[in-house]
Number of protein chains: 2
Amino acid sequence: MGEHRLNLSTLVFSVAVIIVVSHSAGSLALKHSPRFLRKSAATGTDFAPPQFHYETRYFQQRLDHFSFSDLPTFPQRYLISTEHWVGPQRLGPIFLYCGNEGDIEWFAQNTGFVWEIAPRFGAMVVFPEHRYYGESTPFGSAKEAYKDATTLSYLTAEQALADFSVLITDLKQNFSANDCPVVLFGGSYGGMLAAWMRLKYPHIAVGALASSAPILQFEDIVPPETFYNIVSNSFKRESFTCFNYIKQSWNEITSTGQTYNGLERLTKTFNLCQKLKSTGDLYDWLDSAYSYLAMVNYPYPSDFLMTLPGHPIREVCKRIDGAPAGTNILERIYEGVNVYYNYTGKEKCFELDDDPHGMSGWDWQACTEMVMPMSSNQDSSMFPPYEYNYTSVKEECWNDFGVKPRPKWITTEFGGHDIHTTLKKFGSNIIFSNGLLDPWSGGSVLQNISESVVSLVTEEGAHHIDLRPSTQNDPRWLVEQRETEIKLIEGWISDYHQKNKAGFDM
Amino acid sequence: MGEHRLNLSTLVFSVAVIIVVSHSAGSLALKHSPRFLRKSAATGTDFAPPQFHYETRYFQQRLDHFSFSDLPTFPQRYLISTEHWVGPQRLGPIFLYCGNEGDIEWFAQNTGFVWEIAPRFGAMVVFPEHRYYGESTPFGSAKEAYKDATTLSYLTAEQALADFSVLITDLKQNFSANDCPVVLFGGSYGGMLAAWMRLKYPHIAVGALASSAPILQFEDIVPPETFYNIVSNSFKRESFTCFNYIKQSWNEITSTGQTYNGLERLTKTFNLCQKLKSTGDLYDWLDSAYSYLAMVNYPYPSDFLMTLPGHPIREVCKRIDGAPAGTNILERIYEGVNVYYNYTGKEKCFELDDDPHGMSGWDWQACTEMVMPMSSNQDSSMFPPYEYNYTSVKEECWNDFGVKPRPKWITTEFGGHDIHTTLKKFGSNIIFSNGLLDPWSGGSVLQNISESVVSLVTEEGAHHIDLRPSTQNDPRWLVEQRETEIKLIEGWISDYHQKNKAGFDM
């Protein structure tokens, strides 16, 4: 179960950037690393995942596709279902989900959209796991794979894309399905992979649905404040007083922490299982809650990360605002984050992550390629103000992993600075879908680029909500968004069939 | 000088495939590896290369761009000239030649086209060297770099493309030239790199002139007989009797070799410095001469590989056909290949390569990624018939380098099976230029794909003749071909400027 939780902790993006908090109170700058879903945060045990049927298989992959080093191969797990596939004669499509930073079974369970539309398309469904996650660990075990920078060094997006390409090429051959069109799906980092794969391996697939894919969250392409501004706005739109309570709470925490017995008082107020070591740890814990609440701010109850009510931020603010008169700020905050960390009411106390710089896959990726600058703006953000500082990132990464980040590599390899031109000239058949409530939407593509590279933006959507299993509570706009996506995908496949029928003149 | 020769020996493609010769006489199948330009073949000492002016600089490159292994960097040499560059304010273009398998200075000297048109475009010129060639060797020296499969393992096309992309990104930044359009050039393998770079790094450059780039010479995309059929046709079109003499000569060599003192007689007939060890070595030597004659079958005297007359195959056949009546076949052949190996008449005797399986960069590439199937057809080829046999290739590569080829990797990584669709949907601004005399033209793109992905085919052109320095003897069609190329490149740049002026709507 501990293992299971660890996997869950990487499901949606970790905000694994090391940021320097300049406390407005002028106290010591704290380094902390807000990350996703602490160990303390149990997932809802009531969660009954949808039952999708698949086989689990393994494919031996090269550790380094781009060199001929004599390295051990590793088994890449993939889930596959041919239940609804109409087969190679009828050019049945292949739906390939680009596995992201976590256990692939979890992604499969939470990507109901792909399973639900497969019968309609007569499609094969394949969910390959991302290397170094879940069971797809090189060197025989996660422990060995995560041992040090040397063993981790092949955990990169380019290697993952090559894994997908090699796997699908092999599968097509084994199924005599060389002419069957492949459609890519991906959410969050997986959505980035799907979009990039469309640019880097255009011969492999006919199109990609890249949901909540912040491919522009690099260097100075979007302002570094974007992410936390969106989180903050999600609270502000529910309640300005709620936004303000949260904004004020950081100073309150800092000043309380500085008093005699202050950390003990904070420990008690926030019902922590262990005595708080520093206010920074509490900052992290709260930061995580707010950030992930913004991501999973779905309009219906969900169990994606935690068991949550519909419109969870509304619920958080209701509790913060609605506490009896005289309740102090920190008690209000505690009431609020309870919605996130303990909606089921089953937690007796909360464990903060006691190893904030411990090794995890996404932390490694954030310290190597996925260098995403994040700041918090004094005026527009409810978080403590801080300015992104690459030097600190570099130092932290060196301390944590003994690795030097390459902050410009992603844009060199995949582009980004002039993504509109690149996508217009070279991209085709990509859907960038985003919900504006999602803090990652700010780093994604939010405008139509061309006839076939389109952006689907929903005002009320959160993190890749379109990929989730449909529910009876789906609002109209979500049903319509999915219908649009289905039509676009149908268009890609029908274009492909027409071209295929016409033959090639070569 | 020996060093110099070694570099020359990789200038144009080596046909570094290991093929099994099934002698029609039914004798033992011989393995040989026809390669380019033997050590015995001195280059013309009269050669006075054009004097292009450039600075030589070095850029520290990562050995593996796609992992974070802690490997030593290496200095990539590049030649650079800003003499005619109009600078960043005027968005002066950057001409980037994709260095291929050899010393970059040699390519710079033999790619006069780029230097000659740079002033007209106000362009900066950059010639980066391909890793593991010339001076751009990892691990401190060529000896160390070529030591074994481990040190060689980073010699791949993908790493070379990443080198170019990282270098140009850095240069642009240093010259404040982020908005300056980059145009790619490349011939032969360098042309493949230019075309692939256009597909893989569309955000880096605005277009590519890929001259004689056989990107389709993989797997079963083109028939494996293509290459040797074109070589054979180049002889047949000059003289059918010449073609037939050559076709008959192989049996003659084999049967002579099998007689008492036969190898000594062959040694004498072909004026070899050392006694012939096997007829296979002689096969290789002749195969090389014919293949490279077809590549450099230029209409004017040249010194590209060897000092040669214009229309060298015509000259070879003149000597083969024109020998006095009673001259036997092998003596005729000897007269013919003298045109190739000793046109200056300075060679006293010929050294066959005594290390046919020695390590060289292209041999490694042919044993890893660049697996190009080559056969010789009984009817249409003047070479001994043989069928491509991947199993032998695999064995040879294992014996020579301790490496397993990945014959399907190039098409997985770069596509190829349905290149028209890929190029049509994803490519833009690529010129595939080919001369039909060039045996590599058969594996290249010979049809227009779209408005901006065009094929320029010349009936009388040989291996990337368009990239060579202009001469007073250039035929009309060549002058016109280059003018077309210039106009197309002007179009790319002017499109870019228009788009740049219009700004982006993001």
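Because the structure is a prediction, the values reported are computed rather than measured. (Residues numbered from 1 in each chain as written. Chains lettered and ligands numbered in written order. Predicted model: local features only at pLDDT ≥ 70, side-chain atom pairs only at ≥ 80, totals over all residues. Heavy atoms only, no water.)

## A word on the overall build of chain A
Here is step 1: Across its full length, chain A carries 18 helices and ten strands.
Here is step 2: By residue count, 63% of the 506 residues in chain A fall in the buried class.
Here is step 3: Excluding contacts between residues fewer than 6 apart, the proportion of contacts in chain A whose partners are at least 24 apart in sequence is 73%.
Here is step 4: Accessible surface computed for chain A: about 17,900 Å², of which carbon and sulfur atoms make up 48%. (Helix = DSSP H or I, 4+ residues; strand = E, 2+ residues; numbered from the N terminus. Buried < 20%, exposed > 50% of the residue type's maximum accessible area, 1.4 Å probe, protein only. Contact = heavy atoms within 4.5 Å. Areas by Shrake-Rupley, 256 points an atom, 1.4 Å probe, with all protein chains shown as cover.)

## Observations regarding the interface of chain A and chain B
Here is step 1: Listed per partner, the contact involves 52 residues of chain A and 52 residues of chain B.
Here is step 2: Taking both sides of the interface into account, the surface hidden between chain A and chain B amounts to around 4,400 Å²; carbon and sulfur atoms contribute 56%.
Here is step 3: Measuring nitrogen to oxygen at the nearest pair gives 3.2 Å for the salt bridge that ties K499 of chain A to D418 of chain B.
Here is step 4: The tally of links from chain A across to chain B stands at 29 residue pairs in polar contact (both at pLDDT 80 or more). (Buried area = accessible area lost by both parts, 1.4 Å probe. Salt bridge = Lys/Arg side-chain N within 4 Å of Asp/Glu carboxyl O. Polar contact = N/O pair within 3.5 Å; in protein donor to acceptor, adjacent residues only side chain to side chain.)

## Observations concerning helix α17 (residues 419–426) of chain B
Here is step 1: Judged by how many residues are buried, α17 of chain B sits mostly within the fold: six of eight residues are covered.
Here is step 2: Considered for burial, the residues of α17 of chain B that qualify are I419, H420, T421, T422, L423 and F426 of chain B.

## Quick word on the sheet that holds strand β8 (residues 207–211) of chain B
Each strand in a sheet pairs with its neighbour through backbone hydrogen bonds, running either in the same direction (parallel) or in the opposite one (antiparallel).
Residues and elements named next belong to chain B.
Here is step 1: Overall, mixed pairing links the eight strands, which are arranged β3-β4-β6-β5-β7-β8-β9-β10 in an open sheet. One side of each edge strand has no neighbouring strand; the edge strands of this open sheet are β3 (55–61) and β10 (453–458). For this sheet, the mean angle separating the axes of adjacent strands, direction not counted, is 20 degrees.
Here is step 2: Bridging between strand β9 (residues 430–435) and β10 involves six bridges; their strand directions are parallel. Considered in β10, the bridge of G435 is made with T458.
Here is step 3: Of the strands in this sheet, β4 (74–81), β5 (94–97), β6 (124–128), β7 (182–187) and β8 are in contact with helix α3 (residues 112–121), which crosses β6 at around 155 degrees.
Here is step 4: Against the sheet, helix α6 (residues 157–174) contacts β3, β4, β5, β6 and β7, and its axis sits at roughly 55 degrees relative to β4. (Pairing = 2+ DSSP bridges. Axes fitted to C-alpha atoms, helices over the stretch in contact; angles between N-to-C directions.)

## Regarding the sheet that holds strand β5 (residues 94–97) of chain A
All names here are of chain A.
Here is step 1: Strands sit in the order β3-β4-β6-β5-β7-β8-β9-β10 across an open sheet of eight strands; the sheet is mixed. The open sheet has two edge strands, β3 (55–61) and β10 (453–458), and neither has a second partner. Neighbouring strand axes in the sheet, compared pairwise and without regard to direction, differ in orientation by 20 degrees on average.
Here is step 2: Relative to strand β6 (residues 124–128), helix α3 (residues 112–121) is tilted by about 155 degrees, and along the sheet it contacts β4 (74–81), β5, β6, β7 (182–187) and β8 (207–211).
Here is step 3: Strands β5, β7, β8 and β9 (430–435) of the sheet are contacted by helix α7 (residues 189–200), whose axis makes an angle of about 145 degrees with β7.

## Let's talk about the side chain of R406 of chain B
Here is step 1: Looking at the element boundaries, R406 of chain B is found in the loop between α15 (390–401) and α16 (409–414).
Here is step 2: No salt bridge forms around the buried R406 of chain B; measuring N to O, its nearest opposite-charge neighbour E158 of chain B is 5.5 Å away.
Here is step 3: In this structure the side chain of R406 of chain B is engaged in a polar contact, spanning 2.7 Å, whose partner is the backbone oxygen of H65 of chain A.
Here is step 4: If we ignore the near neighbours within four places in the chain, the residues touching R406 of chain B are R62, D64, H65, F66, S67 and F68 of chain A together with T368 and E369 of chain B. (Lys, Arg positive; Asp, Glu negative; His and termini not counted.)

## Things to note about the pattern of salt bridges
Residue and element names in this part refer to chain A.
Here is step 1: All told, the structure shown has 36 salt bridges over all chains when counted by the stated rule.
Here is step 2: Here R77 makes a salt bridge to E129, at a shortest N to O gap of 2.7 Å. Here R77 is found in strand β4, whereas its partner E129 is found in the loop between β6 and α4 (142–145), with 52 residues between them in sequence.
Here is step 3: Taking the relative accessible area as the measure of exposure, R77 reaches 1% and is therefore buried.
Here is step 4: Judged by its relative accessible area of 0%, E129 falls in the buried class.
Here is step 5: A salt bridge links D163 to R131; the shortest N-O distance between them is 2.7 Å. Of this pair, D163 sits in helix α6 (residues 157–174) while R131 sits in the loop between β6 and α4, and the two are 32 residues apart along the sequence. Of the two residues examined, D163 and R131, each falls in the buried class.

## Remarks on the packing of aromatic side chains
Here is step 1: Under the criterion given, the structure shown has 69 aromatic pairs over all chains.
Here is step 2: When the ring of W364 of chain A is compared with that of F68 of chain B, the centres are 6.2 Å apart and the planes differ by 85 degrees; the resulting orientation is edge-to-face. Here the residue W364 of chain A occupies a position in helix α14 (residues 361–366), and F68 of chain B occupies one in the loop between β3 and β4, the pair thus bridging two chains.
Here is step 3: With centroids separated by 6.3 Å and ring planes inclined at 70 degrees, the aromatic side chains of Y334 of chain B and F350 of chain B adopt a geometry described as edge-to-face. Of this pair, Y334 of chain B sits in helix α13 (residues 329–341) while F350 of chain B is found in the loop between α13 and α14 (361–366), placing the two residues 16 residues apart along the sequence.
Here is step 4: Note that K200 of chain A overlies the ring of Y201 of chain B, its terminal NZ or CZ placed 3.7 Å from the centroid.
Here is step 5: We note R62 of chain B situated over the ring of F68 of chain B; from NZ or CZ to the ring centre the distance is 5.3 Å. (Phe/Tyr/Trp six-rings, centres within 6.5 Å; stacked < 30°, edge-to-face > 60°. Lys NZ or Arg CZ within 6 Å of the ring centre and 35° of its normal.)

## What to know about the domain arrangement of chain A
Interface size is commonly expressed as the accessible surface area that is lost when the partners come together.
Residues and elements named next belong to chain A.
Here is step 1: Here the domain parsing of chain A yields domain 1 (55–220 + 409–505) and domain 2 (225–342).
Here is step 2: Relative to domain 2, the C-alpha centre of domain 1 lies at a distance of 34 Å.
Here is step 3: A combined buried area of about 1,600 Å² lies between domain 1 and domain 2, and 66% of that area is made up of carbon and sulfur atoms.
Here is step 4: On the domain 1 side of the interface with domain 2, the three residues burying the most area are L437, P439 and R468, jointly 36% of the side's total.
Here is step 5: The closest approach of N and O atoms between R237 and E460, which form a salt bridge, is 3.0 Å.
Here is step 6: Taken together, domain 1 and domain 2 are joined by four residue pairs in polar contact (both at pLDDT 80 or more). (Domains from an automatic or database assignment.)

## Here we look at unusual backbone geometry
Here is step 1: Located in the positive-phi region is H311 of chain A, a residue other than glycine, with phi close to 45 degrees.
Here is step 2: Tracing the backbone shows H311 of chain A in the loop between α11 (279–295) and α12 (312–322).
Here is step 3: Backbone geometry at N261 of chain B places phi at a positive 65 degrees, although glycine is not the residue there.
Here is step 4: Tracing the backbone through its elements, the reader meets N261 of chain B in the loop between α9 (240–258) and α10 (262–269).
Here is step 5: Residue N261 of chain B is classed as partly exposed on the basis of its relative accessible area, which comes to 35%.

## Considerations on a nonpolar patch on the surface
Residues and elements named next belong to chain A.
Here is step 1: Taken together, L436, L446 and V457 make up a surface patch of nonpolar side chains, about 190 Å² in accessible area.
Here is step 2: With respect to the element layout, V457 can be found in strand β10.
Here is step 3: A relative accessible area of 36% places V457 in the partly exposed class. (Patch = residues over 30% accessible without salt bridge, like charges linked within 9 Å, V, L, I, M, F, W, Y side chains within 5 Å.)

## Considerations on empty space enclosed by the protein
Here is step 1: Scanning the entire structure with this criterion turns up 14 cavities of 30 Å³ or more.
Here is step 2: Estimates place the volume of the largest cavity at around 120 Å³.
Here is step 3: Lining the largest cavity we find 15 residues, and of these F66, K200 and E413 of chain A together with K200 and E413 of chain B sit closest to its centre.
Here is step 4: Within the residue set of the lining of the largest cavity, elements represented by two or more residues are α6 and α16 (409–414) of chain A together with α6 and α16 of chain B.
Here is step 5: It is α6 of chain A that provides the largest number of residues to the lining of the largest cavity, a total of three residues.
Here is step 6: Taken together, the residues that form the lining of the largest cavity break down as nine nonpolar, no polar and six charged. (1 Å grid on protein atoms, 1.4 Å probe; cavity = no way out; pocket = protein on both sides within 12 Å on 5 of 7 lines; lining within 4 Å. Points joined across faces, edges and corners; volume = space filled by probe spheres on them. Nonpolar A, V, L, I, M, F, W, Y, C, P; charged D, E, K, R; others polar.)

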